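The residues making up each chain are set out below.
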Amino acid sequence: MQHTYVSITKIDQLTFSNCEGCSFSCCDGSRFLFAPLILEDFEEVSPYFPIVFGKINEEWRALILYTLSSGGCRYHKEGKCEIYDSRPPACRIYPLSPYYEDILVDTSCHAIRTEGGEFFASKGKISSSFYHKRLEGFETKRQATQGYLKTLEEGFKPLGEIGGVTLFRYSGEGDDPYLQMHYDSLRLLPELTA
Ligand code: SF4
Ligand code: SF4
């Protein structure tokens, strides 16, 4: 699936039909092996996915590791999400995606239309049924996450490379609830190689 992201400020009007008949291609692994997290995501993500760290464009990021292969997310089974009610925040808000101060929409999602279905977004405004708290003040939360990661960088130790990015775990002396969730989530790493 080729993805085409457009700023919601640049669209006249979009609607959302439904996922019926779609092969769940948003989760098929052609888009990502990992995706950035903000601190508020850790609690929802850590029971299901490894949380690791990586430096992308010279900035430390916390990352959700969806898979280690090209096979797509490990919970994508027979065209369904096995953890649908507990899926990570980035999955909940798809086809929306915050990007610095902007919010992008993936117009390649099969449910996104210019007419028919439910109102989705128009000229920078998102329908309340698709709005999610993760989108609120995202850039401030992203910067806070980066500030936090910067305080940890001396404790990062390489885990391996995937998709051209070196992934790290933390093994320094810090200890706080976010690090506890990171440690806890690493128990899931072997399952990604199974
Ligand atoms: S959100 Fe879009 S791409 Fe994902 S399953 Fe629904 S229609 Fe398909
Ligand atoms: S957790 Fe569910 S919705 Fe998210 S990528 Fe995996 S299968 Fe798709």
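The structure we're discussing is the one just above.
Conventions adopted
Residue numbers run consecutively from 1 along every chain, following the written order of its sequence. Labels follow written order: the first chain is A, the first ligand is 1, and so on. Whole-chain, interface and lining totals are the exception, using all residues; otherwise, since this is a predicted model, local features are given only for residues with pLDDT of at least 70 and side-chain atom pairs are given and counted only at 80 or more. Side-chain numbers come from the whole structure's heavy atoms, not from hydrogens or water. Strand pairing requires that DSSP identify at least two bridges connecting the strands. Here a strand is any run of E in DSSP of at least two residues, a helix any run of H or I of at least four, and the numbering for each starts at the N terminus. The nearness test applies per residue and asks whether one of its heavy atoms lies within 4 Å of the molecule or strand. In the scheme used here, Gly and all other residues not listed as nonpolar or charged are polar, with Ala, Val, Leu, Ile, Met, Phe, Trp, Tyr, Cys and Pro taken as nonpolar and Asp, Glu, Lys and Arg as charged. The buried label goes to any residue with under 20% of its type's maximum accessible area, the exposed label to any with over 50%, and the partly exposed label to all in between, with areas taken from a 1.4 Å probe on protein chains only. Under this definition, polar contacts are N or O atom pairs within 3.5 Å; protein pairs additionally need one hydrogen-donor-capable and one acceptor-capable atom, and for neighbouring residues in sequence, both atoms have to be side-chain atoms. Pairs of residues are marked as contacts when any of their non-hydrogen atoms sit within 4.5 Å. To qualify as a nonpolar core, a set must consist of buried Ala, Val, Leu, Ile, Met, Phe, Trp, Tyr and Cys residues joined through side-chain atoms within 4.5 Å. For the purpose of charge, His is not counted, nor are the chain termini; Lys and Arg are scored as positive and Asp and Glu as negative. Between Lys or Arg on one side and Asp or Glu on the other, a salt bridge is scored when a side-chain nitrogen of the former is within 4 Å of a carboxyl oxygen of the latter.

> Could you clarify how one ought to interpret the sheet that holds strand β11 (residues 118–122) in this entry?
Sheets are built from strands paired through backbone hydrogen bonds, the pairs being either parallel or antiparallel. Spatial strand order, β10-β2-β11-β12: 4 strands in an open sheet with antiparallel pairing. Of all the strands in the sheet, just β10 (112–113) and β12 (125–126) have a single pairing partner and so form its edges. In terms of strand pairing, strand β2 (residues 14–16) meets β11 through 3 bridges, oriented antiparallel. Each bridged residue has a counterpart across the sheet, and for F16 the counterpart in β11 is E118.

> Got a minute to help me understand the site of ligand 1 in this structure?
Ligand 1 sits among C19, C22, F24, C26, Y94, C109, H110 and A111. Taken together, the residues that form the shell around ligand 1 break down as 7 nonpolar, 1 polar and no charged.

> What am I meant to see in unusual backbone geometry here?
Residues other than glycine predominantly adopt negative phi, and peptide bonds predominantly adopt the trans conformation. Y94 connects to P95 through a cis peptide bond whose omega is 15 degrees. In this structure, E58 is a non-glycine residue whose phi angle is positive, near 70 degrees. Using a relative accessible area of 68% as the deciding quantity, one classes E58 as exposed. You will see that Y100, though not glycine, has its phi angle at about 50 degrees, which is positive. Along the chain, Y100 falls in the loop between β8 (96–99) and β9 (102–106).

> Any chance you could explain the side chain of H182 here in plain terms?
If you trace the backbone, H182 turns up in helix α4 (residues 177–185). Within polar-contact distance, the side chain of H182 engages the backbone nitrogen of Y170 at 3.0 Å. Discounting residues that sit within four places of it in the chain, H182 has contacts with I51, V52, F53, R169 and Y170.

> Explain the nonpolar core here, please?
As a rule of thumb, nonpolar side chains are buried together in soluble globular proteins. One finds F42, F49, F53, L149 and F156 to be the most contacted residues of the largest nonpolar core, which totals 24 residues. Here this core gets 3 residues from one element, more than from any other, and that element is strand β5 (residues 59–65). If we skip the residues at most four places from it in the chain, L149 touches F53, W60, R61, A62 and F156. Within the second largest apolar cluster, 20 residues are counted, among which are F16, C109, F120 and A121.

> Could you clarify how one ought to interpret the side chain of R87 in this entry?
Mapped onto the elements, R87 comes out in the loop between β7 (80–81) and α2 (89–93). Despite being buried, R87 has no salt bridge partner; D85 is the closest side chain of opposite charge, sitting 5.3 Å away. Polar contacts involving the side chain of R87 include one to the main-chain carbonyl oxygen of Y84, which spans 2.7 Å. Excluding anything up to four places from it in sequence, R87 contacts E44, C81 and R92.

> Hey, could you run me through the pattern of salt bridges in this one?
Opposite charge on two side chains lets them pair, provided their charged atoms get close. Evaluated as defined, the whole model comprises 10 salt bridges. Residues E59 and R61 are paired through a salt bridge, measuring 3.5 Å at the closest nitrogen-oxygen approach. A salt bridge links E139 to R142; the nearest nitrogen and oxygen atoms lie 2.7 Å apart. Taken as a pair, E139 and R142 lie in helix α3 (residues 138–150) at a separation of 3 residues, close to a single helical turn.

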